Amino acid sequence: MITDDPLKFKFGNVNFQVDLEAEKIVAAERAGEKIAVEVKSFLNPSAITDFYSALGQFLSYRLAIEANEPSRTLYLAVPSDVYSNVSFA
């Protein structure tokens, strides 16, 4: 269930906007898990340039979310072909 589009918050003097805020149902016996999803399209000619841009943004968002809402998990959504061809591990 999407609860905010985008998720807006402030960390220090910086205003952040993560693409989506949502609750993911983990299991029938558990309550919803708070998540935020940053969606990246990788449209530039260089996938590695897009990767480093997305990674930098993701790390900044993760730091700010951990400080503001430590129970929220941040995810980075990328196209499946990008995920298959760029090592995210």
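What this report covers is the structure whose coordinates are included nearby.

Cut-off values and rules
Residues numbered from 1 in each chain as written. Predicted model: local features only at pLDDT ≥ 70, side-chain atom pairs only at ≥ 80, totals over all residues. Heavy atoms only, no water. Helix = DSSP H or I, 4+ residues; strand = E, 2+ residues; numbered from the N terminus. Buried < 20%, exposed > 50% of the residue type's maximum accessible area, 1.4 Å probe, protein only. Contact = heavy atoms within 4.5 Å. Areas by Shrake-Rupley, 256 points an atom, 1.4 Å probe, with all protein chains shown as cover. Patch = residues over 30% accessible without salt bridge, like charges linked within 9 Å, V, L, I, M, F, W, Y side chains within 5 Å. Salt bridge = Lys/Arg side-chain N within 4 Å of Asp/Glu carboxyl O. Core = buried A, V, L, I, M, F, W, Y, C linked by side-chain atoms within 4.5 Å. Phe/Tyr/Trp six-rings, centres within 6.5 Å; stacked < 30°, edge-to-face > 60°.

1. So, the overall build of the protein
The number of helices and strands found in the protein is 2 helices and 6 strands. Secondary structure elements in the protein, listed N-terminal to C-terminal, are β-β-β-β-β-α-β-α. Within the protein, buried positions represent 26% of all 89 residues. Within the protein, counting contacts between residues at least 6 apart in sequence, those at least 24 apart form 44% of the total. Split by element, the accessible area of the protein, about 6,000 Å² in all, is 54% carbon and sulfur.

2. Some remarks on a nonpolar patch on the surface
Residues Ile-48, Tyr-52, Leu-55 and Leu-59 make up a contiguous nonpolar surface patch of roughly 370 Å² in combined accessible area. Among the secondary structure elements, Tyr-52 is positioned in helix 1 (residues 47-68).

3. Overview of the pattern of salt bridges
Counted according to the given criterion, the structure contains 3 salt bridges. Note that Glu-69 is salt-bridged to Lys-34, the shortest N-O span being 3.9 Å. One end of the pair, Glu-69, is in the loop between helix 1 and strand 6 (73-77); the other, Lys-34, is in strand 5 (residues 33-39), and 35 residues separate them in sequence. Between Glu-69 and Arg-72 there is a salt bridge; the shortest N-O distance is 2.8 Å. Overall, the relative accessible area of 7% leaves Arg-72 in the buried class. Several salt bridges share partner residues, and in doing so they unite Lys-34, Glu-69 and Arg-72 into one network.

4. Quick notes on the nonpolar core
The biggest cluster of nonpolar side chains holds 10 residues, and these are Leu-7, Phe-9, Phe-16, Val-18, Ala-36, Phe-58, Tyr-61, Ala-64, Ile-65 and Leu-74. When contributions to this core are tallied by element, the ones reaching two or more residues are strand 2 (7-11), strand 3 (14-18) and helix 1. Apart from residues lying up to four places away in sequence, Phe-9 is in contact with Val-14, Asn-15, Phe-16, Val-18, Tyr-61, Ala-64, Ile-65 and Asn-68.

5. As for the packing of aromatic side chains
Per the stated rule, a full pass over the model turns up 3 aromatic pairs. With a centroid separation of 5.3 Å and an interplanar angle of 15°, the aromatic rings of Phe-9 and Phe-16 are classed as stacked. Here Phe-9 and Phe-16 have matching classes, each one buried. In this structure Phe-16 comes out as buried when scored by relative accessible area, which is 11%. Feature note: the residues Phe-9, Phe-16 and Tyr-61 constitute an aromatic cluster, connected by ring pairs.

6. Focus on the environment of Ile-48
Structurally, the position occupied by Ile-48 is in helix 1. Note: C-alpha distance between Ile-48 and Val-82 (34 residues apart in sequence) is 9.9 Å.

The analysis is restricted to geometry; functional conclusions fall outside its scope.
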